[in-house]
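Listed here are the chains, written in short residue letters.
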Amino acid sequence: MSPEEWAVIVALVQNGQVAQARELCAAFGEALDLSNINLRGADLRGADLRGADLRGVDLRADRGQWADLRGADLRGADLRGAKLGGAHLSGADLSGADLRRANLYMIHAPRVDLTGADLREADLLNADMWGADLTGADFSGAYMWGADLRKADLTDAIGVSQ
C-alpha cells in the first residue's frame, strides 16, 4: 500500500469511518494496523475495531463510546481523558496504557489486560472487569463504585484493595 493510500485509510478512521477503512485495507490484502498513529480527538463512537493493532496510538480525548475493541492490541496507548463509556474491551491488551482521567463507565471488559496501566482518576462506574489482569495498575483517585473485579488479579495494584 502506498503512503497516499495509507493516508486515506488514516483519514477515514479519524472521521469515524472505520468500516470503510477496514474494507479498503481488505481490498489491499492488509489488516487494519493503526499502531503509533495520532488519532487524538477522533470520533470512534460505536466503531468496530475488533482485533485492531492500536499499539502506542494517541487517542487522547477520543470519543469512543460503545466502540467494539474486543481483542484489540492497545499496549502503551495514550488514552488520557478518552471517553470510552460502554465500550467492549473483553480480551483487549491495554498493558502499560495511559488511561488517566479516562471515562470508562460501564465498560464490558472481562479478561482485559491492564498490567501496569495508569488509571489514576479514571471513571470506572459499573465497569465489568471480571477476571481482568490488573497487576501493577494504578487506580489512585479512580471512581470505582459498582465495578466488578471478581477473579481479577490485583497483585501490586495501587489504589484498590483485594
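Fair warning: this is a prediction, and the values are worked out from it, not measured in the lab. (Residues numbered from 1 in each chain as written. Predicted model: local features only at pLDDT ≥ 70, side-chain atom pairs only at ≥ 80, totals over all residues. Heavy atoms only, no water.)

**Notes on the side chain of Ser95**
Convention followed: For the purposes of this entry, the term helix denotes a DSSP run of H or I that reaches at least four residues, the term strand denotes a run of E that reaches at least two, and both are numbered from the N terminus. Polar contacts here mean pairs of N or O atoms no more than 3.5 Å apart (in protein, one a potential hydrogen donor and the other a potential acceptor; neighbouring residues in sequence count only if both atoms are side-chain atoms). Contacts between residues were defined by any pair of non-hydrogen atoms, one from each residue, lying within 4.5 Å.
With respect to the helices and strands, Ser95 occurs in the segment after α2 (18–27). Within the structure, Ser95 has its side chain in polar contact with the side chain of Asp93 (distance 2.7 Å). Excluding residues that lie within four positions of it along the chain, Ser95 makes contacts with Arg75, Gly76, Asp113, Leu114 and Thr115.

**Details of helix α1 (residues 3–14)**
To be explicit about the condition: Multiplying 1.5 Å by the helix residue count minus one yields the expected span of that helix. Only protein chains enter the area calculation, which uses a 1.4 Å probe; residues under 20% of their type maximum are buried, those over 50% are exposed, and those in between are partly exposed. What the arc covers is the set of directions going from the helix axis to the C-beta atoms.
Over its 12 residues, α1 extends 16 Å from the first C-alpha to the last, a length consistent with the 16 Å expected when each residue adds 1.5 Å. Three or more residues of α1 are buried, namely Ile9, Val10, Leu12 and Val13. One face of α1 carries all of its buried residues, which in axial projection span an arc of 155°. Exposed and facing more than 90 degrees away from the buried side of α1 are Pro3 and Glu4. Of the surrounding elements, those touching the buried residues of α1 are α2.

**A closer look at empty space enclosed by the protein**
Applied cut-off: Lining residues are those with an atom within 4 Å of a point, where the points come from a 1 Å grid over the protein atoms alone and group into cavities, where a 1.4 Å probe fits but cannot get out, or pockets, open sets with protein on both sides within 12 Å along at least five of seven lines. Grid points are joined across faces, edges and corners, and a volume is the space filled by probe spheres set on the points. When residues are sorted by character, Ala, Val, Leu, Ile, Met, Phe, Trp, Tyr, Cys and Pro go into the nonpolar class, Asp, Glu, Lys and Arg into the charged class, and all the rest, Gly among them, into the polar class.
Evaluation of the coordinates by the stated rule reveals two cavities of 30 Å³ or more. Of the volumes computed, that of the largest cavity is approximately 70 Å³. Every residue lining the largest cavity is listed: Leu44, Leu49, Leu54, Leu59, Asp62, Gly64, Ala67, Leu69, Leu74, Leu79 and Leu84. Residue composition of the lining of the largest cavity, by class: nine nonpolar, one polar and one charged. Each pocket or cavity is described by its volume, and for the second largest cavity that value is around 50 Å³. Lining the second largest cavity, in full, are Leu89, Leu94, Leu99, Leu104, Ile107, Val112, Leu114, Leu119, Leu124 and Met129. Residues of the lining of the second largest cavity, tallied by class, amount to 10 nonpolar, no polar and no charged.

**Concerning the nonpolar core**
Put simply, the rule is: The term nonpolar core refers to a set of buried residues drawn from Ala, Val, Leu, Ile, Met, Phe, Trp, Tyr and Cys, joined through side-chain atoms within 4.5 Å.
Of all hydrophobic cores here, the largest spans 56 residues; its most connected members are Leu89, Leu94, Leu99, Leu119, Leu124 and Met129. When residues of this core are traced back to their parent elements, those giving at least two are α1 and α2. Among the elements that make up this core, the one with the highest residue count is α1 (four residues). Excluding anything up to four places from it in sequence, Leu99 contacts Leu79, Leu94, Leu104, Leu114, Ala117, Asp118, Leu119, Arg120 and Ala122.

**Structural notes on the environment of Asp48**
In this fold, Asp48 is placed in the segment after α2. Here the alpha-carbon distance between Asp48 and Ala67, two residues 19 residues apart in the chain, equals 6.2 Å. If sequence neighbours within four positions are ignored, Asp48 has contacts with Val18, Arg22 and Asp68. Separated by 2.6 Å, the side chains of Asp48 and Arg50 make a polar contact.

**Side note on the packing of α1 against α2**
The cut-off we apply is this: What counts as an axis is a line fitted to C-alpha atoms, over the stretch in contact for a helix, and the angles between N-to-C directions run from 0 to 180 degrees. Under this scheme an angle from 65 to 115 degrees is roughly perpendicular, one under 35 degrees roughly parallel, and one over 145 degrees roughly antiparallel; angles in between are oblique. Less than a right angle of anticlockwise turn of the near helix away from the far helix marks a crossing as left-handed, whereas a clockwise turn marks it as right-handed.
Direction vectors running N to C along α1 and α2 enclose 155°, while the axes themselves pass 7 Å from each other. Taken together, the axes of α1 and α2 lie roughly antiparallel to each other. For the element pair α1 and α2, the recorded crossing hand is left-handed. Contact with α1, carried on its side by Trp6, Val8, Ile9, Leu12 and Val13, involves Val18, Gln20, Ala21, Leu24 and Cys25 of α2 and no other residues of that element. Split into classes, the residues belonging to the contact of α1 with α2 amount to nine nonpolar, one polar and no charged.

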